[in-house]
Amino acid sequence: MKTKFRLKPRAEQKVVRFFLYFLTSVAILVLVFILVVILKNGLPQLSLEFLTKNPAHMGKEGGIFSTIVATIYLTFIALLVATPLGVGTAIYLTEYTFEGKVTRIIRFGAECLAGIPSIIFGLFGFILFVTKLKFGWSILSGGLTLAFMVLPTIIRTSEEAIKSVPAAYRLVSYSLGSTRWQTVTRVVLPSAAPGIVTGVILSIGRSIGETAAVIFTAGSALRLPSSIFSSARTMSVHFYILAREGISMSKAYGTAAVLVIAILLINIVTYYLMSKYISRTSPE
Amino acid sequence: MIRPKPNDRLIRLSLLTVALTAITVLAVITIFIFEQGLPVMVKYGLKNFLFGQDWYPSEKSFGLLPMIVGSLLVTLGALLIGVPLGLASAIFLTEFSSRRLSRLLKPVFELLAGIPSVVYGFLGLMFLVPFIRENLGGPGLSVLAASIILGIMILPTIISISIDSIRAVPDSYREGSIALGATKWQTVRMVVLPAARSGLVAGIILGMGRAIGETMAVIMVAGNAADLPASWLAPVRTLTSNIALEMAYASGEHRQALFATGVVLFVIIMILNFLANLAARKQSGR
Amino acid sequence: MKDIAIQVINFSHFYGQQPSLKNINLDIYRGEILGIIGPARSGKSTFLTCLNRLNDLIPGSRVSGKILIDGLDIYQPEVDVAALRRRLGMVFATPVPLPMSIYDNVAFGPRLQGQTDRQKLDRLVEDCLDKAGLWAEVKDRLKTSALKLSGGQQQRLCLARVLALKPEYILLDEPTSGLDPISTMKIEATLRLLKKDYTIILVTNNTKQAARVADRTAFFLMGELIEVDETEIIFTRPSDKRTENYIEGKFG
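Residues numbered from 1 in each chain as written. Chains lettered and ligands numbered in written order. Predicted model: local features only at pLDDT ≥ 70, side-chain atom pairs only at ≥ 80, totals over all residues.

S.K.: How should I be thinking about the overall build of chain A in this particular structure?
M.R.: When its secondary structure is counted, chain A shows 11 helices and two strands. When the elements of chain A are put in sequence order from the N terminus, they spell out α-α-β-β-α-α-α-α-α-α-α-α-α. Computed over C-alpha atoms, the radius of gyration of chain A comes to 24 Å, more than 25% over the 19 Å expected from 2.2 N^0.38 for 284 residues, which places it beyond the range of a compact globule. Here the C-alpha coordinates of chain A stretch approximately 70 × 65 × 40 Å along the principal axes. (Helix = DSSP H or I, 4+ residues; strand = E, 2+ residues; numbered from the N terminus. Rg over C-alpha atoms; globule rule 2.2 N^0.38 Å.)

Structure (structure tokens):
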């Protein structure tokens, strides 16, 4: 009856192993390809002038200075708002309450928020900040929109970091007569700091790379922003416009290279922090 | 020793307020999107919106069917590419590679997740689109191009969640199976993967959510024609691109129709979130 | 004639519905070392955490009855728990140095109180480390991480950290259970020295330790206080058969 072709288990395993190798290599090659192409075409565009001159003729000429400034402003505002909110939420969830209905609702909110596409955040930011609150297309509108976008990431990473602080530390701290808040600020947060910082750095990466949510809230003015109420164009938005409208592929590559290098640096720093964190919390 | 302590109460209350931000923002987003999008949907009829094939905003014709189909098609395509690659990489990294190799590769995939979506779109535009145009025909800007780019973009999501859920399978299961004389692959196929199934499903659904929600990368490679695509090589417009393409100049009912597009997208995403949650809970409940 | 410092009256403690201490009545005298012995899970550690209300931190923890410390009912809602815990310093079974320097560990309590005067802190840290018998060993590396100390040193550091609170009572929860005999000896010697300034309650799973150190000894079994008396009497002619059995090593 058994006419179906079947490999012997050992042979089958070999085939599978080869196949897995192959597919994993494909995934890695894609990454290598991205990095190589962007850096090969982008690095030659980079110069001090490119980084310190403002764009001219819609970006055809000049550098990307104003977009770098705008990106930094926007990211800074986003994290200035999201970090206290996210860490505060994590502290509440872990230190100030027991699991129950309220924590479930809060977690549900954060999880759903994490799944919402950035374009929806863009619409939301446009209606709330640009229109209703009359901030206009501005760094403030864009920064606040990004803040809510990265909030779930900061909540989750902070919560994990705080949970990994040994319970004995808290017990000791309370037994020495500290209030809850003193325990949080003097024992829990210092121990959880590397994990929290990691989450914040990941959020910086996301803010730098975001386009859809920013373009409808911060606008795309090329001028150097003069205040948080100025409209501004971030690097990602600039890159998108350069590429999509075919303004200048060489400038687009240059901008992409700056973006990718920034992301690379962020990942390296995060990785370094994490490994330091892990080696410190694990015994020996 | 007796002393009132209003501080702790005050701090708890402020932290609770802070902690309610996330759910509040979610509520506000929901309210705004629906407030802006629903009236026009009601006015022109839900059926015309969801099943109308013509999108001519200037003539008040708001048929979203091409975009809904477009979103679903590119997502399906992304899954066809991303799921096998992602699962294979996750299985390889957890079960078949050396510890050192998997420690080396994990940050590589994290880096892949960190690269901005516009960069993916740009590379798709520069390399993938011409490649498809020259070798397979059509304009190159196509369902296929969007699917491939999205497939790559959801890889990190699928890989990291799959790795977590495969790692969560107790080693005793593996040892039991190996002790019974199974090969490693048999163990993986018959013991590990079934035990991790819910987590894997959650990862795939989350990847799906990412694919449906992606905007900029898709705009750059999909061609964006608001018609039902005739083939894998035809251009396509997704729900997200529909919003992003026209938002800059839309006003009045046209703008509301874009929010209505947001409503459809929002509902799809919420359903996916719900399903992923369900799957994830099933895994941790075991 | 004897000065009663702590009065435990009809006191019970529950985890959820499960009683862990049943109707305890006990007087603790000022300036004594009270040893508490009993098998595992007999409620002796729980009893300690009831005295400084650390049990408040455990969900589902509930009490009935009264504990009066210097006449104050500590389970009244208006009691400042932090201040209470400073008066009853506690040393745990496993030494838990906080992840900071030796100096910062000892200065942790005073700093919570707002003490920032560098000179006062320096003096206090030296004084407490000296009392705990650790000063000579660590005086040249106060700024190094406390996690680098040996187990015995860590436990003496924890004791110094408690002394820095200037407590009136010291609660010790099996403080030498993880230590080698020499470290144990050092800690016991320290306790005898501290007796003149503090009231000490020592929970121990080592009956011989109670015999060596305690003035009076209480025997706990399954959440009940079976008896309490002069240590010598408990160990030579206890009035309850169960105490005798436990001390002779017949169970526990």
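Right, picking up where we left off after that structure.
S.K.: Would you mind showing me how to read the interface of chain A and chain B here?
M.R.: With 69 residues of chain A in contact, the opposing surface of chain B contributes 63 residues. The greatest single-element share of the side of chain A that touches chain B, amounting to 18 residues, is contributed by helix α1 (residues 9-42) of chain A. Here the side of chain A that touches chain B is composed, by residue class, of 50 nonpolar, 13 polar and six charged. (Contact = placed C-beta atoms within 7 Å. Nonpolar A, V, L, I, M, F, W, Y, C, P; charged D, E, K, R; others polar.)

S.K.: Would you mind showing me how to read the environment of Met41 of chain B here?
M.R.: Residue and element names in this part refer to chain B. By the secondary structure assignment, Met41 is in helix α2 (residues 21-44). Residue classification places Met41 among the buried positions, given that 22 C-beta atoms sit within 10 Å. As a C-alpha pair, Met41 and Phe62 span 21 residues in sequence and 8.9 Å in three-dimensional space. Setting aside residues no more than four positions away along its own chain, Met41 makes contact with Leu46, Phe49, Ala260 and Val263. (Buried ≥ 20, exposed ≤ 12 C-beta atoms within 10 Å, placed from the backbone.)

S.K.: Even after reading the chapter, I still don't get the pairing of strand β6 (residues 88-91) of chain C, so can you show me in this structure?
M.R.: Sheet faces and side chains relate simply in a regular strand, where the side chains alternate between the two faces. Residue and element names in this part refer to chain C. The alternating pattern of β6 places Leu88 and Met90 and Gly89 and Val91 on opposite faces, both of which are buried. Alignment of β6 against strand β7 (residues 169-173), held across four bridges, turns out to be parallel. If you follow Met90 over to β7, its bridge partner there is Leu171. (Pairing = 2+ DSSP bridges.)

S.K.: When you look at the packing of α1 of chain A against helix α9 (residues 184-213) of chain B in this model, what are you seeing that I'm missing?
M.R.: Helix-helix packing is described using two parameters, namely the angle between the two axes and the distance between the axes. The N-to-C vectors of α1 of chain A and α9 of chain B enclose an angle of 80 degrees; their axes lie 8 Å apart at closest approach. Classified by the interaxial angle, the pair formed by α1 of chain A and α9 of chain B is roughly perpendicular. Where α1 of chain A abuts α9 of chain B, its residues Pro9, Glu12, Gln13 and Val16 of chain A lie against Lys184, Trp185 and Gln186 of chain B. (Axes fitted to C-alpha atoms, helices over the stretch in contact; angles between N-to-C directions. Parallel < 35°, antiparallel > 145°, perpendicular 65-115°, else oblique.)

S.K.: Help me out: how do you make sense of the sheet that holds strand β3 (residues 33-37) of chain C in this one?
M.R.: As a general point, the strands of a sheet are linked pairwise by backbone hydrogen bonds and lie either parallel or antiparallel. All names here are of chain C. Strand order across the open sheet formed by six strands is β6-β7-β8-β3-β9-β10, with mixed pairing between neighbours. In this open sheet, the two strands that pair with only one neighbour each are β6 and β10 (224-230). Direction aside, neighbouring strands of the sheet carry axes that sit 15 degrees apart on average. As judged from the four bridges shared by β3 and strand β8 (residues 199-203), these two strands associate in the parallel manner. Along β8, the bridge assignment pairs Ile33 with Ile200.

S.K.: Please clarify how helix α1 (residues 44-51) of chain C should be interpreted in this entry.
M.R.: Residue and element names in this part refer to chain C. Taken across its eight residues, α1 has eight buried, putting it largely inside the fold. Here α1 has its buried residues at Lys44, Ser45, Thr46, Phe47, Leu48, Thr49, Cys50 and Leu51. At the exit of α1 stands Arg53, carrying a positive phi of roughly 60 degrees.

S.K.: Quick question: what am I supposed to make of the sheet that holds strand β4 (residues 61-69) of chain C here?
M.R.: Residues and elements named next belong to chain C. Taken in spatial order, the four strands make up an open sheet running β2-β1-β4-β5, and their pairing is antiparallel. With partners counted over all chains shown, the strands left at the sheet margins are β2 (18-29) and β5 (72-73), one partner each. Pairing analysis gives eight bridges linking strand β1 (residues 4-15) to β4, with the strands arranged antiparallel. The residue bridging Ser12 from the neighbouring strand is Ser64, located in β4. Those strands touched by α1 are β1, β2 and β4, and its axis lies near 65 degrees from that of β2.

S.K.: Quick question: what am I supposed to make of the pairing of β4 of chain C here?
M.R.: Residue and element names in this part refer to chain C. As paired elements, β4 and β5 share two bridges and run antiparallel to each other. Directly across from Ile69, in β5, lies its bridge partner Leu72. Once β4 ends, the chain turns through two residues before running back antiparallel as β5, passing Asp70 with a positive phi of about 50 degrees.

Distances and angles like these do not, on their own, reveal function.
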